[in-house]
Amino acid sequence: MTRRQFLATTAAAVSAGNRLRGRSPCVLLDLQRGCLRESVAGYTAVFQPRVVRAHMPGIPHCAVVLVPAALEISPVAARAIVRCLHAGATVILESAAGFLDQRAFGTERAVLRDYFGITVEPPVRLWPRQTPYVDYLWPYAAKLRDFSRVLPLGPPAGEPIAWVDNLPVALKRRSGRGTLIFLGSPVGPALWAGDAEATRWLSAVLATVS
Amino acid sequence: MKKSIGDNMIPKEWGFERGLDLVKKAGFDGIELWLGDVAWFQMTTTDAEVRDLRRKVESAGLVVSNVSTGLHWASPLSARDPRVRAQATRIVERQIETARLLGTDAILVVAGLVTDEVPYNEVYQRCLDTLRPLGDTAARAGVKIGCENCNAEQRFLISPREFWQFLNDVNSPAVGIHLDVGNIHDTGFAEQWIEIHGPRITRIHLKDVLKHRGRCGDQSVYTNLFLGDNNWPAIRAALTKVGYDGWLIAEMEARYRYAPDQQFYDTAQAMDRLISGRL
C-alpha cells in the first residue's frame, strides 16, 4: 500500500467508524444457532451494530447489514436479507458453511444459489499450507488470516475480491438497488481475536458505502 | 504432601487391578486416572463402571488424586471447528462428572493449542470463552479445573506472568493451574512458577527435564526425578514458601526397558526424598 492509499484508507475507516457509532446505520443479523458465535461477537465488538435476531419478521431500514459466519440461513432470514438489498443496503454476507457436514452444506449451497445467485463449490480445507492468509484485492490489497476452510466461488456472479491459493473466495456485486459482499472465508473470528488488519479492512469496506 | 502416579504408567499387559497393587506396594497414596488414555477409563465408560473403578482403587488402599486427560491434544478447546470444540467441552464436563464419582476434587485440562493454523490471539480468546462457563460448572460440582502448563507442546501461556494474567481473565475461583515442573524447560524456572501461582495451584506434576536437549531432536527431554536439570532444592523450598501441601503426581515419560515395575518403586522413593527435603 502506498502512503497515499494508507492515508485515504485510514481516514475513510475513521470516518466510517464515527458514522457507525453515531447513527448506528449498521444492523447485524444474528442467526443465533445458525452461525459461529465468535464471529457475531467480533462484529459486535468492533462495529457496535444494532443487533436483530433472525426470527424477526424484518430487518430495520439501514445502510449496512452484517450477516456473520452463517452456517444455516433460513428462508425467512434469506428473504429479509434480499429485501434489504432491494431497498439499497450493502449486505456483508459471511459464510461459515465450510464447517458443515455434506448434507447441511448442500442445503446451504442451495440457499446461496436460490436467494442470492451465488454459486459455491464444496468447502476446501486449507491446511497444511505455507502461508496463513487470504489475499483481498478490494477495497485495498490486504492479507487477512484464513479460517482453515473456505468456500470457493463457482462461475463468477460478481467481481471477485479475495483469493486463496488461486481460488476466488469473496465477491461483490450489485443486487437490486444494493450491494452484496459475499465472504467465503469468515473474517468475524479475526475481529473477535483482535486482528487489527481485519478491523482496518472491514472499516475500509464500510467506508465505501455511500 | 501425598504421592500419586498416573494409571497410564501401568504396563498395558498388567490390567488395572494388578497395577493398583503395584502402585500401593511402591508406596503411593493415590492414583491419577487418565480419561481416554487407558482401556478401563474412556469417554464411553458408564457411571456404574466409574464407580467400580473407585471401588477397586479404594480396595487397593488408595484414593483418586485427580482426573486427567490427553484427549484435548486431538480435540482442543481452542479448535476453530465448533463441533470439535463441543467435543472438547464435553470431555471437560465428563472429567468433572467422573471426578465427583471418583471422590476427587481436581481435573487436569490442556487449555489450548497454538498452531501455525490457529493463532495465539484466537486460542487465548477461545479458551477464555470456553473455560468461563466450564468454571461455573466445576464450581457447582465442587471441582477445580487445573489448566496444565504444557509450555513447549502448547506454545501457549509460555511465561508464569502470562499464565497468571490468563487465570485473571478467566476469573473463576474454580479454575487454576495444574503445574508441571518438568514442562518449563528453558523458558523459566519451576520454583518461580510455584511462587507466582501459589494458592492457584490445583495439583503438581513431577518429572525432571534435560534442558540441554531442547525440543529440536527426536530424543525425549524428560527423565526421572533428580536425573535432569530441575533445581529440586529450590522447588522444594518454594513449595514450603507458598504452603503447598497437596498432591504430587509423578508423570514419568521414560519407562524401564526391563522390570517396568521398578520405575514405580524408584519414583516413589525419589518423591519421598523430595517431600522430606533431604536434597
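Cut-offs used in this document
Residues numbered from 1 in each chain as written. Chains lettered and ligands numbered in written order. Predicted model: local features only at pLDDT ≥ 70, side-chain atom pairs only at ≥ 80, totals over all residues. Helix = DSSP H or I, 4+ residues; strand = E, 2+ residues; numbered from the N terminus. Buried ≥ 20, exposed ≤ 12 C-beta atoms within 10 Å, placed from the backbone. Contact = placed C-beta atoms within 7 Å. Rg over C-alpha atoms; globule rule 2.2 N^0.38 Å. Pairing = 2+ DSSP bridges. Right-handed = clockwise from strand over helix to strand, strands pointing away. Expected span 1.5 Å × (residues − 1). Arc of directions from axis to C-beta. Core = buried A, V, L, I, M, F, W, Y, C linked by C-beta atoms within 7 Å. pLDDT = per-residue confidence, 0-100. Axes fitted to C-alpha atoms, helices over the stretch in contact; angles between N-to-C directions. Parallel < 35°, antiparallel > 145°, perpendicular 65-115°, else oblique. Left-handed = near helix turned anticlockwise from the far one by under 90°.

Asker: Explanation requested: the overall build of chain A in the structure shown.
Answerer: A count of helical and extended segments in chain A gives six helices and 11 strands. Looking at chain A as a whole, 48% of its 210 residues are labelled buried. Intrachain contacts of chain A at a sequence separation of at least 6 include 66% that bridge at least 24 residues.

Asker: I would appreciate a short explanation of the overall build of chain B in the present structure.
Answerer: If you tally the helices and strands in chain B, you get nine helices and 10 strands. Rg of the C-alpha trace for chain B: 18 Å, near the compact-globule value of 19 Å for 279 residues, within the 12% margin. Expressed along its principal axes, the backbone C-alpha trace of chain B runs to roughly 45 × 45 × 40 Å. In chain B, which comprises 279 residues, the share counted as buried stands at 46%.

Asker: I tried to follow the pairing of strand 1 (residues 2-6) of chain B on my own but got confused; where do I start?
Answerer: Regular strands show a simple pattern: their side chains alternate between the two faces of the sheet. Residues and elements named next belong to chain B. Most of strand 1 is tucked away: four of the five residues are buried. Here four bridges tie strand 1 to strand 10 (residues 247-250), and the two strands are oriented parallel to one another. Residue Ile5 lies in a different strand from strand 10, and its bridge partner there is Ala250. Pairing between strand 1 and strand 2 (residues 30-35): three bridges, direction parallel. Residue Ser4 lies in a different strand from strand 2, and its bridge partner there is Gly30. Note that the unit made of strand 1, helix 1 (residues 16-26) and strand 2 has a crossover that is right-handed.

Asker: How should helix 4 (residues 102-116) of chain A be read in this particular structure?
Answerer: All names here are of chain A. Helix length check: helix 4 (15 residues) gives 20 Å between terminal C-alpha atoms against 21 Å at 1.5 Å per residue, within 8%. Within the span of helix 4, buried status applies to Glu108, Arg109, Leu112 and Phe116. Looking straight down helix 4, one finds that the buried residues subtend no more than 105 degrees of arc, so they occupy a single side. Exposed positions of helix 4 whose direction lies more than 90 degrees from the buried face are Arg103, Gly106, Thr107, Ala110 and Asp114. At its buried positions, helix 4 is contacted by strand 4 (90-95) and strand 11 (178-183).

Asker: Help me understand the nonpolar core in this model?
Answerer: Nonpolar side chains in soluble globular proteins tend to end up buried together. The biggest cluster of nonpolar side chains holds 76 residues, and the ones touching the most others in it are Leu33 and Ile107 of chain B. Leave out the neighbours within four places in its chain, and Ile107 of chain B touches Asn66, Val67, Gln95, Ile96, Ala99, Val143, Ile145 and Gly146 of chain B. One finds Cys26, Val65, Leu171 and Ala198 of chain A within the second-largest nonpolar core, a separate group that totals 68 residues.

Asker: Is there a simple way to think about the confidence of the model for chain B in this case?
Answerer: Detailed reading of predicted coordinates is not advised where the pLDDT is low. Overall, the prediction assigns chain B a mean pLDDT of 95, with 99% of residues at 70 or greater. In the model output, the complex is listed with pTM 0.90 alongside ipTM 0.85.

Asker: When you look at the packing of helix 3 (residues 82-102) of chain B against helix 4 (residues 120-141) of chain B in this model, what are you seeing that I'm missing?
Answerer: The packing of two helices is summarised by the inter-axis angle and the distance between the axes. Residue and element names in this part refer to chain B. Running from N to C, helix 3 and helix 4 point in directions that differ by 15 degrees, and their axes come no closer than 10 Å. Classified by the interaxial angle, the pair formed by helix 3 and helix 4 is roughly parallel. The crossing of helix 3 and helix 4 is right-handed. Between helix 3 and helix 4, the residues in contact are Arg85, Thr89, Val92, Glu93, Ile96 and Arg100 and Thr130, Leu134, Thr137, Ala138 and Ala141, respectively.

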